Amino acid sequence: MLRYTARKFALMLFTLFVIATITFFLIYLLPGGPYQDPTKITPTVKALFDAKYGLDKPVPIQYLRYLENLIHGDLGQSYKYLNRTVNDIIAQTFPVSAQLGLQAILFGVPIGLIFGILSALFRGKAVDYIFVFIAILGVSIPSFVLAAVFQYFLGLKLGWFPVARWGTFAHTILPSLSLAVGVIALITRLMRTSMLDVLGSDYLRTAKAKGLSNGVVIWKHGIRNALLPIVTIFGTLVVDLITGSIIIEQIFAVPGVGKHYVNSINTNDYTLVMGLTIFYSAMFIFAIFITDIAYGLVDPRIRTTGGKE
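Along each chain, the written sequence defines residue order, and numbers are assigned to residues from 1. In keeping with the model being predicted, local features are shown solely for residues with a pLDDT of at least 70 and side-chain atom pairs are shown and tallied solely at 80 or more, while totals for entire chains, interfaces and linings include all residues. Note that water and hydrogens are dropped before the side-chain values are worked out from all heavy atoms of the structure.

Chemist: Describe the overall build of the protein, naming the residues involved and giving the relevant values.
Modeler: Secondary structure elements are defined from DSSP: runs of H or I of at least 4 residues count as helices, runs of E of at least 2 residues count as strands, and each element is numbered from the N terminus. Broken down by element type, the protein carries 14 helices and 0 strands. Listing the helices and strands of the protein from first to last along the sequence gives α-α-α-α-α-α-α-α-α-α-α-α-α-α. Only protein chains enter the calculation, and the probe is 1.4 Å; a residue is then buried if its accessible area is under 20% of its type maximum, exposed if over 50%, and partly exposed in between. In the protein, buried positions account for 41% of the 309 residues. Any two residues having at least one pair of non-hydrogen atoms within 4.5 Å are treated as being in contact. Partitioning the intrachain contacts of the protein with sequence separation of at least 6 by distance along the chain shows that 71% fall at a separation of at least 24. Carbon and sulfur atoms make up 70% of the accessible area of the protein, which totals about 16700 Å². When charges are tallied, Lys and Arg are placed among the positive residues and Asp and Glu among the negative ones, while His and the ends of the chain are skipped. For the purpose of locating charges, the reference atoms are NZ of Lys, CZ of Arg, CG of Asp and CD of Glu. Positive and negative side-chain charges in the protein, numbering 25 and 15 respectively, have mean positions lying 10 Å apart. Surface accessibility in these figures is a Shrake-Rupley result with a 1.4 Å probe; residues are shielded only by whichever protein chains are displayed.

Pasting the structure below:
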């Protein structure tokens, strides 16, 4: 298990190094530059940036300086917000995005699981058709359309929740709900398919033949095994939601990470683009690493693939 974990950890670091390298050179190849707005970047500020990040040096030197700062956890200074570092911006905005994402997960995952289980247990009946229809709608309708619908009916017409902005818990309801619909649809479809596979398996028929009650068979042998595919996508799903939805944050004027990501691209804030890209990538890669380790613990055959352990 130790060798398996070390191998996965090394692979995670190598993947992050490749992403950081590709991001650096892609940003370097983009037209324009961080100094194209002389009203903000004064000669004094430019000299400070050049000295700190080696921007007046050849590209290989800039790249090595960039990696050195990255190893020390320094994602750089924002070119747009001159008094703020990228680390400060992430530290300030990530909790906002994370709150929306976690609320969407807490609301969407349990409902999706219930819908999926009931849909499988009542396959071919009205309940099944209703939940499948809901899942198809949730997958088919883009989140920004749902956000506009929720804003109009729940916010403007009924006045139940604020239409936009950020402040109280009530401001988080509509953006979280807009994100949760997609989660409900995804989990419902996955859970229904997985549950149907489990219900048709031999070991479940054996459990019934032993005289176990339907409740014990479904809960102990059915649902627990059917949850494995959900575990597979759960890590990346969580990271995807807590790192911020760019469109939803724009629609509801939420000051999260996604909003800064879009603004940084529009304003050529290169260090912020690179910093947020690295941050997103690190979160996703770490989630995949944790999922791999969990799989190795649950099923030893996975970590012995190749016959060396």
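Chemist: Any chance you could break down the packing of aromatic side chains for me, citing the residues and the numbers?
Modeler: Two rings belonging to Phe, Tyr or Trp (six-membered ring only in the last case) form a pair when the distance between their centres is within 6.5 Å. Interplanar angles under 30 degrees mark stacking, angles over 60 mark edge-to-face geometry, and anything in between is tilted. Inspection of the entire model under this criterion finds 11 aromatic pairs. Ring geometry for Phe286 versus Phe289: centroids 6.3 Å apart, planes at 35°, classification tilted. Of the two residues, Phe286 and Phe289 both sit in helix α13 (residues 270-298), 3 residues apart, roughly one turn of that helix. A relative accessible area of 45% means that Phe286 is categorised as partly exposed.

Chemist: How would you explain the environment of Ser97 if you had to name every residue and give the values?
Modeler: With respect to the secondary-structure elements, Ser97 resides in helix α4 (residues 86-121). Using a relative accessible area of 1% as the deciding quantity, one classes Ser97 as buried. A C-alpha to C-alpha distance of 32 Å links Ser97 and Ser119, two positions 22 residues apart in sequence.

Chemist: Describe the side chain of His260, with residues and values.
Modeler: Its location among the elements puts His260 in helix α12 (residues 257-266). Among the residues examined, His260 registers a relative accessible area of 11% and is labelled buried. For His260, the contacting residues outside a window of four places in its chain are Tyr81, Ile89, Thr93, Leu272 and Leu276.

Chemist: Any details on the layout of surface pockets? Residues and values, ideally.
Modeler: Of the two site types, the cavity is a set of points on a 1 Å grid over the protein atoms alone where a 1.4 Å probe fits but cannot get out, and the pocket is an open set with protein on both sides within 12 Å along at least five of seven lines, each lined by residues with an atom within 4 Å of a point. Grid points are joined across faces, edges and corners, and a volume is the space filled by probe spheres set on the points. Of the volumes computed, that of the second largest pocket is approximately 300 Å³. Ser143, Leu179, Asp240, Leu241 and Ser245 are, among the 21 residues lining the second largest pocket, the residues nearest its centre. When residues of the lining of the second largest pocket are traced back to their parent elements, those giving at least two are α5 (126-140), α6 (143-157), α7 (170-199), α10 (228-242) and α13. Element by element, the count of residues in the lining of the second largest pocket is highest for α7, at 6 residues. Here the residues of the lining of the second largest pocket sort into 13 nonpolar, 7 polar and 1 charged. Charged means Asp, Glu, Lys or Arg here, nonpolar means Ala, Val, Leu, Ile, Met, Phe, Trp, Tyr, Cys or Pro, and polar covers whatever is left, Gly included.

Chemist: Explain α12 to me, using residue names and the numbers behind them.
Modeler: Among the residues of α12, Val257, Gly258, His260, Tyr261 and Ser264 are the ones counted as buried. Relative to the axis of α12, the buried residues are bounded by an arc of 160° and lie together on one face. Directions pointing from the helix axis toward each C-beta atom define the arc.

Chemist: Kindly report on unusual backbone geometry, identifying the contributing residues and their values.
Modeler: Peptide bonds are mostly trans, and most non-glycine residues show a negative phi. Even without glycine at this site, Arg165 takes up a positive phi of about 80°. Judged by its relative accessible area of 59%, Arg165 falls in the exposed class. For Ala253, which is not glycine, the phi dihedral falls at a positive 55°.

Chemist: Would you mind going over the pattern of salt bridges in detail, with residue names and values included?
Modeler: Should a side-chain nitrogen of Lys or Arg be within 4 Å of a carboxyl oxygen of Asp or Glu, the pair is scored as a salt bridge. Enumeration over the complete set of coordinates arrives at 2 salt bridges. The partner of Arg192 in a salt bridge is Asp128, with the nearest N and O atoms 2.9 Å apart. One end of the pair, Arg192, is in helix α7; the other, Asp128, is in helix α5, with 64 residues separating them in the sequence. Judged by relative accessible area, which is 2%, Asp128 ranks as buried. The closest approach of N and O atoms between Arg205 and Asp202, which form a salt bridge, is 2.4 Å. With Arg205 and Asp202 both in helix α8 (residues 202-209), this residue pair falls 3 residues apart, about one helical turn.

Chemist: With reference to specific residues and values, describe the packing of α4 against α7.
Modeler: Every axis corresponds to a line fitted to the C-alpha atoms, with the helix fit spanning only the stretch in contact, and the corresponding angles, defined between N-to-C directions, vary from 0 to 180 degrees. It is at 6 Å that the axes of α4 and α7 come closest, and there the two elements cross at 35°. Both α4 and α7 take part in a crossing whose hand is right-handed. Note: crossing handedness is left-handed where the near helix turns anticlockwise from the far helix by less than a right angle, and right-handed where it turns clockwise.

Chemist: Give a description of the packing of α6 against α7 that names residues and reports values.
Modeler: The interhelical angle for the contact between α6 and α7, taken along N-to-C directions, is 140°, at an axis separation of 9 Å. Taken together, the axes of α6 and α7 are oblique relative to one another. Crossing geometry of α6 relative to α7 is assigned as right-handed. Where α6 abuts α7, its residues Ser143, Leu146, Ala147, Phe150, Gln151, Leu154 and Gly155 lie against Leu174, Leu177, Ser178 and Val181. Looking at the contact of α6 with α7 residue by residue, the class counts come to 7 nonpolar, 4 polar and no charged. Geometric relationships in this document are graded by angle, where less than 35 degrees denotes roughly parallel, more than 145 denotes roughly antiparallel, 65 to 115 denotes roughly perpendicular, and other angles denote oblique.

Chemist: Could you give an account of the environment of Gly167, with specific residues and numbers?
Modeler: Along the chain, Gly167 falls in the loop between α6 and α7. The spacing of Gly167 and Val254 is 87 residues in sequence and 9.3 Å in space, taken between C-alpha atoms.

Structural measurements only, silent on function.
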